[in-house]
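A look at the structure
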Amino acid sequence: MTHAIAAIDLGASSGRVLRGVLDGGRLTVEECSRFPNGPVRVPVDGDNDFEWDVLALWSGIRAGLAEAARRGPVDAIGIDSWAVDYGLLDADGRLVGNPSSYRSPRTETATRRLFDEIGADDLYSLNGLQFQPFNTMFQLIADRDWDRSGRARTMLMLPDLIGYWLTGRRICEVTNASSTGMIDPTTRRWSPEVLDLLSSRFDVDVPAILPELVEPGAVIGPVRLAGVDLRTHEGAATPLIAVGSHDTASAVVAVPAVEEGAPFGLISSGTWSLVGTELDAPVLSQASRAANFTNELGVDGTVRYLKNIMGMWVQQECLRQWREAESSDADGLSWPVLDAQTEAAEPMRTLFDINDPEFFAPGDMLGRIDRWCARVGEPAPRSRAELLRAITESLVVAYRRALRQTGELSGKAIEVVHIVGGGSKNALLCQSTADATGLPVIAGPVEGTGIGNMVVQLRAIGALDGGLANLRRIVSDSSALTRYEPTPGALGAWEAAEARVFG
């Protein structure tokens, strides 16, 4: 029997609605809508903050679901998005303002205040989460300081907010909940110690605003979308299914590692790069905390043991600046042209620490890179091609370091690296990662997040069965994958490159 599902996949730079059809053990995916996204700069008391235009996202989602319904039955829907950000609802269930963006600078004071109350080691032992100044718990403290939360009665993570608008049910799916800093990764429940800390020391009544937790695969409820008739093949209302609602959790499901238990390295490559592996239990050692690794929850009781790396964000910001410049040539900024120029540029001429906080905020990325190079004595890129080559190779250096640390800290001997997401299309990035790690790289699927979202839905409605290995077999059978082998003799140059960046 044929089954059709829809995945709402929201990224920090764009969103889309995908329709998938499972037929004969193979999943085909088509795009129903794509719409832009990005943090919007807004004035607040004479200063600037960054917020999400969630209503524009909602309009794009509505249009995409309408198109999915026009193309045929939809047996289930799942939602994933980036992590940490949330919407606050008042007593009437209305949204209290636009959700703040994780790129907002408002949490600077909140992070210092929290660590005045609890040491970093102690906090890590409770939540296993890497330090990021935008983690949800810091945002909640900042909202309290700004009185943003005064009318809040419910906190919903971004995919759960969209799910609430689709079904009327308020829940919190655990993979995204684990990015808040308020989950105990050993129990997969809210951490009483962290909630008590926030309530008693910062007057943030978190327990009162948190909805119930659900695991991926749970049926949330029937979708009711005014003006859009979403029906299954049997004619029933289409159900919303909880998937790995943190987009990386869905991307990890789509890693085509079909041998159950075989250790693999993974890179989910998009606006952010998430680098690490999949484990059965969290790593809560102080060495893990010192290396700033995170233990976030995955599908089927797994743990995503990862390090956040800045990803394609730096590249995206450079491209935005070029396109905004009056002298920019649209044809010269097409990716086929830029990719060819990047591959032809001098290798390892310029390297920088792509995870430096200097590159985090929107703005003058070109100037920041030049200033970073001047400060540390690296040659500044002289052309677009040299700059894109520097970004790519700096990413690879960060990947190499994070994958080596993953093996050391987890005790897993990584044998192969999987790159999923948009970065899997970048041949230079993939080959360089193989050369830098000395490990084979399997690139694909490009639509890893959407496909991972879909196979969890399909299992929930009974169209698939088995564990992650079986879901991944469907992914592998349905995807175009490319294997990159390490170039003999290349490892030494990458060892020197890592020492050049990190000392």
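In what follows, the structure referred to is the one given above.
Residue indices begin from 1 for each chain and proceed along its sequence in written order. Totals for whole chains, interfaces and linings use every residue, but because this is a predicted model, local features are given only for residues with pLDDT of at least 70 and side-chain atom pairs only at 80 or more, for both listing and counting. To obtain the side-chain values, all non-hydrogen atoms of the structure were included, while hydrogens and water were left out.

Here we look at the pattern of salt bridges
Stated precisely, the cut-off is as follows: One speaks of a salt bridge when a side-chain nitrogen belonging to Lys or Arg is within 4 Å of a carboxyl oxygen belonging to Asp or Glu. Elements are defined by DSSP. Helices are runs of H or I of four residues or more, strands are runs of E of two residues or more, and each kind is numbered from the N terminus. Burial here depends on accessible area, computed with a 1.4 Å probe over protein chains only, as a share of the maximum for the residue type. Under 20% is buried, over 50% is exposed, and the range in between is partly exposed.
Counted under the stated rule, the structure contains 31 salt bridges. In this structure, the salt-bridge partner of E117 is R201, at a minimum N-O distance of 2.4 Å. Highlighted residues: E117 in helix α2 (residues 108–117) and R201 in helix α7 (residues 192–202), separated in sequence by 84 residues. Look at E117 and you get partly exposed, because its relative accessible area is 38%. Accessibility expressed as a relative area gives 46% for R201, which makes it partly exposed. For the salt bridge of R404 with E408, the shortest nitrogen-to-oxygen distance reads 3.7 Å. Here the residue R404 and the residue E408 both occupy positions in helix α14 (residues 384–410), the gap between them amounting to four residues, near one helical turn. Note on R404: relative accessible area 35%, which makes it partly exposed. Residue classification places E408 among the exposed residues on the basis of a relative accessible area of 57%. Beyond isolated ion pairs, a larger network of salt bridges with shared partners links R19, E30, E67, R70 and R71.

As for helix α11 (residues 313–324)
The condition that has to hold: What a helix should span is 1.5 Å times the count of its residues minus one. We call two residues in contact when some of their heavy atoms are within 4.5 Å.
Between the first and last C-alpha of α11 there are 16 Å, a value that for twelve residues agrees with the 16 Å anticipated at 1.5 Å per step. Listed in full, the buried residues belonging to α11 are W313, V314, Q315, E317, C318, L319, Q321 and W322. Packed against the buried residues of α11 are α12 (335–344), α13 (365–376) and α14.

Remarks on helix α1 (residues 54–71)
An ideal rise of 1.5 Å per residue puts 26 Å on 18 residues; α1 measures up with 26 Å between its terminal C-alpha atoms. Within α1, the full set of buried residues consists of V54, L57, W58, G60, I61, G64, L65, E67 and A68. Structurally, α1 contributes buried residues whose contacts are with β1 (3–10), β2 (14–23), β3 (26–36), β6 (76–80) and α5 (158–167). With its phi angle positive at about 150°, G72 sits one or two positions after the end of α1.

A word on the packing of α11 against α13
The criterion, for reference: In this analysis an axis means a line fitted to C-alpha atoms, helices contributing only their contacting stretch, and an angle means the value between N-to-C directions, from 0 to 180 degrees. Any angle from 65 to 115 degrees is called roughly perpendicular, while one under 35 is roughly parallel, one over 145 is roughly antiparallel, and all others are oblique. Classification used: nonpolar for Ala, Val, Leu, Ile, Met, Phe, Trp, Tyr, Cys and Pro, charged for Asp, Glu, Lys and Arg, polar for all others including Gly.
Relative to each other, α11 and α13 sit at 120°, their axes nearing to 8 Å. Here α11 is positioned oblique relative to α13, judged by the angle of their axes. Taking contact as the criterion, the partners of W313, V314, E317, C318, Q321 and W322 in α11 are, on α13, M365, L366 and I369. Tallied by class, the residues present in the contact of α11 with α13 amount to seven nonpolar, one polar and one charged.

Let's talk about the packing of aromatic side chains
For clarity, the threshold we go by: Note on ring pairs: Phe, Tyr and Trp rings are taken, using the six-membered ring of Trp, and paired if centres are within 6.5 Å. Classes follow the plane angle, with under 30 degrees stacked, over 60 edge-to-face and the rest tilted.
Throughout the structure, instances matching the rule amount to 15 aromatic pairs. Aromatic side chains F115 and F138 sit 5.9 Å apart centroid to centroid with 55° between the ring planes, which places their arrangement in the tilted category. Highlighted residues: F115 in helix α2 and F138 in helix α4 (residues 136–145), separated in sequence by 23 residues. Residue classification places F115 among the partly exposed positions, given a relative accessible area of 29%.

Here's the deal with the side chain of H3
Our working rule: Any pair of N or O atoms that falls within 3.5 Å is considered a polar contact. Within protein, one atom must be able to donate a hydrogen and the other to accept it, and sequence-neighbouring residues count only if both atoms are side-chain atoms.
Inspection of the secondary structure puts H3 in strand β1. H3 sits in the buried class, given a relative accessible area of 15%. Side-chain polar atoms of H3 contact the backbone oxygen of M1, separated by 3.3 Å. For H3, the residues in contact, after removing those within four places along its chain, are G20, V21, L22, D75, H233, L458, I461 and A463.

Quick word on the pairing of strand β7 (residues 86–89)
Put simply, the rule is: One bridge is not enough; two strands pair if DSSP finds at least two bridges between them.
Burial of the side chains of β7 extends over both faces: Y86 and L88 are buried on one face and G87 and L89 on the other. Note that β7 and strand β8 (residues 154–157) share four bridges and pair antiparallel. Note that in β8 the partner of L88 across the bridge is M155.

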